[in-house]
Amino acid sequence: MLWLASYPRSGSTFFRNVLMEVYGIESSTYHDETDYPLDADFHKYPIVKTHLRPSQLPHNLGDAPAIYLVRDGRDCAVSLAWYKKQLLEPTSDLQTNLIEATKASHGSYFGGWSEHVREWKTKAVLIIKFEELIEKPIECLERLRPWIDLPKPSYDKLPKFDDLRSKDFTYGSGLEHGFDQQDRKRWREGKFRRGKVGAWLDEMPENIQLAYYSQHGLQLKEMGYWQPNTSSREFSISQTPPVEPSADISSSLTTNERKPCKKRVLIDASKLMGNHQDGIGRYIKELLAAILELTADDDQWQFDLSLGGFGILSLKECKEEILEKRPPESSEESFVQCNRMQDRIIHASERRREAKAANQVRAILSRSIRLFCLKLIFSAHKRIQKVRNLLAGQSTKYDIIHLTLPNNFEFSKHFSGHLITTVHDLSHIACPELQAPANVRTLLMGLNYVEERRSQYIAVSEATRQAMVDELAIDGDRIETIPNSVSHDWCKPVVEQKTIDDVRKSHSIPSGPYFFSVGTIEPRKNIHTLIDAFNQLVEEHPELDVNLVLAGAAGWEKMPIIEQKVMESPRIHYIGFVDDNDLPTLYTAAIATCYISKYEGFGLPILESMACGTPALYGNNSSMPEVAGNSGISVDADDVSDVSRGLYQFASDSNLRHELAQRAINHSLEVNWKKVAELTLKNYERVIDQSINTPESSTISFPRSQPDMSEGERRAA
């Protein structure tokens, strides 16, 4: 028996009819439908068609060889949407059907096109493309000979795909369901409506196309279905060797004959303890989640997390919190989730009495009072745990200590081991006047300290790496460039218009097109220039009905100036801090995301926006051109007129927006968190293998004009 597996609407009916007409070979099906029965002896047929995934097949037949028939998933989605409307539910809405087929929520539609392809391509002994089958059916079927005894083909009986609409063949014509002639005609015309390669191009709306790219783009690329005109250059990872896909990545990462013991890694995760997660906190959580998945069955690694004054927990102890992917549904739920990690710390450190009291307080009191009481408990616990850390740290050795933010260097003083430091930016050198003084101070001291310990480095962009070489004279061989990524489970196009309308209403955003800007309102983000450029656009082109929406928590300095400028323009709307659950919607609905910062070590909002199918207007400095690729419009961040020009291009040219939107989705898929974790783990292994001896002092002399940090600055860091 040979499985003929395919996602629905991928040409399996044509395949079976060619096999029957040309070779005289019957086939059966295996399914879980209730409207028609299985053949009692289906497994005795030489070919058995199925749409199910490998894990859903009978256990006793799961090892049978399989061929996989694959079709461009976008064509499948369009065909499924029409199939439902024309034959199953005539009153259904075509666009809603398309959205359902794209999202495949809760495992519907056999898990969705990309999941179906991913599972079957690793099992199949042969993959045949729909496009090949339609063009050269005999040639495709002849490739089955190693697994099935094919007689000599009868070429004169070869049907054409178009014949399926007009003739009663053995399979797919309705004969097997007992339909009369009129019903068979309606069935055939609905089921084989077009059979055209690339039908999605004129039948799938742009917003659903972008959503499809976001959810299924990686498999579209791997199967060769990505449009040529949407190609995009990759992120620069020139300093790291390419990672070859591996069915068992953990085995390649953990083989080390010289070190049969566990490889112990301590990772700074103190950023996860805050009530609001910034870009660095997101980097840490996504990296840890990907490491958990990669090393799930690996007993050669031991990962511990340093949580600041709250102590140390193993990564596995925090698995539930780290793998929590769903954005909070409300600010109240956000508060609860932020404190779940803290609750675990209290239990893990045997403060059960305090934990019980905290739970009782949480059940009774309001949010603000709960937070106050929890802080009191954590403050007392912090002092006790700090002493424990100091005592325990004297004899604690790790193979690797990963400092995920140089500013948090204090904790690493209490542990021995090779140091790897992630450097997110060099803002204290590039634009110290645009930073809070405490941040400049702690970053300088942190880099000073880690260089004294002869740290190895991870730079989040090639621009940051090059700045480390040029400005700090650090040897480039000690720096690995591993770009940040974005979670496509969270950050993806939103296609439901009701969701978009509801989010706009909740933030009092007026109807009509708008530009979107997100980021902490501080001098470096250059919001005042964006406002001036937008006002110039409106003044020069009053015919444009467009708004500017500013999102982000209030930072330091110049906020009164920004507030005054917002008040002076009825088209500018400041909506404050935005929860993660609303961000993808706000990105999706925007004309473009404006990110004209004066300096960025990476520029995560650019990548987040691209993952939602919205291109960016970005500053042509630091790392931003690297992150955006050819998926946006670059401008001089210091030139109001140039920024206004870029805004006008987006507002006036819908064709440009469409082209850049497709490029944006494509470019955002080039890097994923699994790849980031793979590269990070390989970096751990490289440092362990080299067994670097840490010198007593650095060969680089950093400035030491500043006094030691105050207690307040340590807390801020």
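Please refer to the structure higher up on the page.
Residues numbered from 1 in each chain as written. Predicted model: local features only at pLDDT ≥ 70, side-chain atom pairs only at ≥ 80, totals over all residues. Heavy atoms only, no water.

Asks: An account of the environment of Trp82 is needed here, citing residue identities and associated values.
Replies: Structurally, Trp82 is set in helix H2 (residues 73–88). Judged by its relative accessible area of 22%, Trp82 is partly exposed. Here the alpha-carbon distance between Trp82 and Gln95, two residues 13 residues apart in the chain, equals 9.6 Å. Not counting chain neighbours up to four residues away, the residues in contact with Trp82 comprise Leu87, Leu94, Arg193 and Glu203. (Helix = DSSP H or I, 4+ residues; strand = E, 2+ residues; numbered from the N terminus. Buried < 20%, exposed > 50% of the residue type's maximum accessible area, 1.4 Å probe, protein only. Contact = heavy atoms within 4.5 Å.)

Asks: Explain the side chain of Ser27 to me, and be specific about the residues and the numbers.
Replies: Structurally, Ser27 can be placed in strand S2 (residues 27–30). Judged by relative accessible area, which is 4%, Ser27 ranks as buried. Polar contacts involving the side chain of Ser27 include one to the side chain of Arg16, which spans 2.7 Å. Those residues in contact with Ser27 that lie beyond four places of it in its chain are Arg16, Tyr45, Ile47 and Tyr171. (Polar contact = N/O pair within 3.5 Å; in protein donor to acceptor, adjacent residues only side chain to side chain.)

Asks: So what's going on with the pairing of strand S15 (residues 572–576)? Which residues, and what values?
Replies: Side-chain positions along a regular strand alternate between the two faces of the sheet. The buried count for S15 comes to 4 of 5 residues, which makes it a mostly enclosed element. By the bridge criterion, 4 bridges tie strand S14 (residues 547–551) to S15 in an arrangement that is parallel. Paired with Val549 across the strands is His573, a residue of S15. (Pairing = 2+ DSSP bridges.)

Asks: Now, about the packing of H2 against helix H7 (residues 181–191): what can you tell me, with residues and values included?
Replies: In the contact formed by H2 and H7, the axes pass within 9 Å of each other and the chain directions differ by 165°. Between H2 and H7, the angle is such that the two are roughly antiparallel. For the pair H2 and H7, the sense of crossing is right-handed. Across from Tyr83, Gln86 and Leu87 in H2, the residues of H7 making contact are Arg186, Trp187, Gly190 and Lys191. (Axes fitted to C-alpha atoms, helices over the stretch in contact; angles between N-to-C directions. Parallel < 35°, antiparallel > 145°, perpendicular 65-115°, else oblique. Left-handed = near helix turned anticlockwise from the far one by under 90°.)

Asks: Explain the pattern of salt bridges to me, and be specific about the residues and the numbers.
Replies: Under the defined criterion, the tally for this structure stands at 26 salt bridges. Notably, a salt bridge pairs Lys121 with Glu222, separated by 2.1 Å at the nearest N-O pair. Of the two residues, Lys121 sits in helix H4 (residues 113–123) while Glu222 sits in helix H8 (residues 206–222), which places them 101 residues apart along the sequence. Given a relative accessible area of 53%, Glu222 falls into the exposed group. Here Asp642 makes a salt bridge to Arg645, at a shortest N to O gap of 2.7 Å. Of the two residues, Asp642 and Arg645 both sit in helix H24 (residues 640–652), 3 residues apart, roughly one turn of that helix. When its relative accessible area of 19% is taken as the criterion, Asp642 is described as buried. Each of Glu522, Arg524, Lys525 and Glu600 takes part in one network of salt bridges that share partners. (Salt bridge = Lys/Arg side-chain N within 4 Å of Asp/Glu carboxyl O.)

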